[in-house]
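Read off the chains here:
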Amino acid sequence: EPEVTQTPSHQVTQMGQEVILRCVPISNHLYFYWYRQILGQKVEFLVSFYNNEISEKSEIFDDQFSVERPDGSNFTLKIRSTKLEDSAMYFCASSEALLISNQPQHFGDGTRLSIL
Amino acid sequence: AQTVTQSQPEMSVQEAETVTLSCTYDTSESDYYLFWYKQPPSRQMILVIRQEAYKQQNATENRFSVNFQKAAKSFSLKISDSQLGDAAMYFCAYRWGQGGSEKLVFGKGTKLTVNP
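Residues numbered from 1 in each chain as written. Chains lettered and ligands numbered in written order. Predicted model: local features only at pLDDT ≥ 70, side-chain atom pairs only at ≥ 80, totals over all residues. Heavy atoms only, no water.

(A) Broad picture of the pattern of salt bridges. Residue and element names in this part refer to chain B. Per the counting criterion, the structure on display carries four salt bridges over all chains. Across the pair aspartate 26 and lysine 73 runs a salt bridge, and its minimum N-O distance is 3.9 Å. You can see aspartate 26 sitting in strand β4 (residues 24–26) and its partner lysine 73 sitting in the loop between β8 (64–69) and β9 (74–79), a full 47 residues away along the chain. (Salt bridge = Lys/Arg side-chain N within 4 Å of Asp/Glu carboxyl O. Helix = DSSP H or I, 4+ residues; strand = E, 2+ residues; numbered from the N terminus.)

(B) Region of the structure containing the layout of surface pockets. Approximately 660 Å³ is the volume attributed to the largest pocket. Taken together, 31 residues form the lining of the largest pocket, with Gln37 and Leu39 of chain A together with Gln39, Met89 and Phe91 of chain B sitting closest to its centre. Of all the secondary-structure elements, those providing two or more residues to the lining of the largest pocket are β9 (88–95) of chain A together with β1 (3–5), β10 (88–96) and β12 (110–115) of chain B. At three residues, β10 of chain B tops the list of elements feeding residues into the lining of the largest pocket. Classifying every residue of the lining of the largest pocket gives 13 nonpolar, 11 polar and seven charged. (1 Å grid on protein atoms, 1.4 Å probe; cavity = no way out; pocket = protein on both sides within 12 Å on 5 of 7 lines; lining within 4 Å. Points joined across faces, edges and corners; volume = space filled by probe spheres on them. Nonpolar A, V, L, I, M, F, W, Y, C, P; charged D, E, K, R; others polar.)

(C) Layout of the state of the cysteines. On inspection of all chains with the given rule, the structure shows two disulfides over all chains. Between cysteine 23 of chain A and cysteine 92 of chain A runs a disulfide, and the two sulfur atoms are separated by 1.9 Å. Because the sign of the S-S torsion sets the handedness, a value of about -65 degrees for the bond joining cysteine 23 of chain A and cysteine 92 of chain A places this disulfide among the left-handed ones. In this pair, cysteine 23 of chain A sits in strand β3 (residues 19–24) while cysteine 92 of chain A sits in strand β9, placing the two residues 69 residues apart along the sequence. For the pair cysteine 23 of chain A and cysteine 92 of chain A, a shared accessibility class is recorded, and that class is buried. Two residues, cysteine 23 of chain B and cysteine 92 of chain B, share a disulfide whose sulfurs are 2.0 Å apart. Residues cysteine 23 of chain B and cysteine 92 of chain B are joined by a disulfide whose S-S torsion is about -70 degrees; by sign, that bridge is left-handed. Residue cysteine 23 of chain B is found in the loop between β3 (19–21) and β4, and its partner cysteine 92 of chain B is found in strand β10; the two are separated by 69 residues along the sequence. What makes cysteine 23 of chain B buried here is its relative accessible area of 1%. (Disulfide = S-S within 2.5 Å. Buried < 20%, exposed > 50% of the residue type's maximum accessible area, 1.4 Å probe, protein only.)

Structure, rendered in structure tokens:
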């Protein structure tokens with residue numbers, strides 16, 4: 001069964017550094033998402049992406065964050081200048097076209113981001 | 001704002017027994033979708049079961065079934081004949097209906113332990 005893959009599984013970065021988290025969505029999916037989960041807290045929506053542009057973003061997704069689909073297969077989340085509070089598990093997800101709205105989102109294993 | 005509440009941080013069940021995980025949500029919408037996702041340790045979130053709010057019939061997937069009470073805004077998950085492989089974090093999630101936001105709103109999760 002096709003899967004969403006994320007790399008790396010664990011990223012350790014110094015505060016203030018830029019980090020790029022990578023995701024390869026399922027190949028025929030058209031909608032892409034990033035979520036994060038701070039330890040002990042809920043999984044929170046960050047951003048959705050469709051047709052090469054952001055379709056929705058949360059208040060968490062400020063100017064420090066950006067997303068990109070650079071080559072038609074990868075979907076990346078960039079944090080420009082990381083803060084301690086960015087430490088979390090970041091999940092990528094993808095779904096088919098929303099002609100039928102109950103299409104589920106398929107999640108990757110997540111990248112654990114640790115900011116030192 | 002839509003919220004999802006899982007009041008049981010942890011649950012345990014004996015192998016072959018039945019367990020019910022609770023979930024309540026708050027919304028003013030009439031058209032929406034509800035999901036249960038399972039996240040085994042260090043693994044990706046996997047969709048277990050989904051329910052369309054307009055359907056009165058409770059969804060069932062093999063040993064997994066839901067008790068959807070729309071008026072009470074309750075969406076519990078029943079796992080019958082529990083197996084060791086059912087041990088995981090279980091997340092309840094809500095999504096708007098057709099034409100609405102695509103994001104999933106998650107509960108905090110319930111950690112299920114299955115005892116042999």
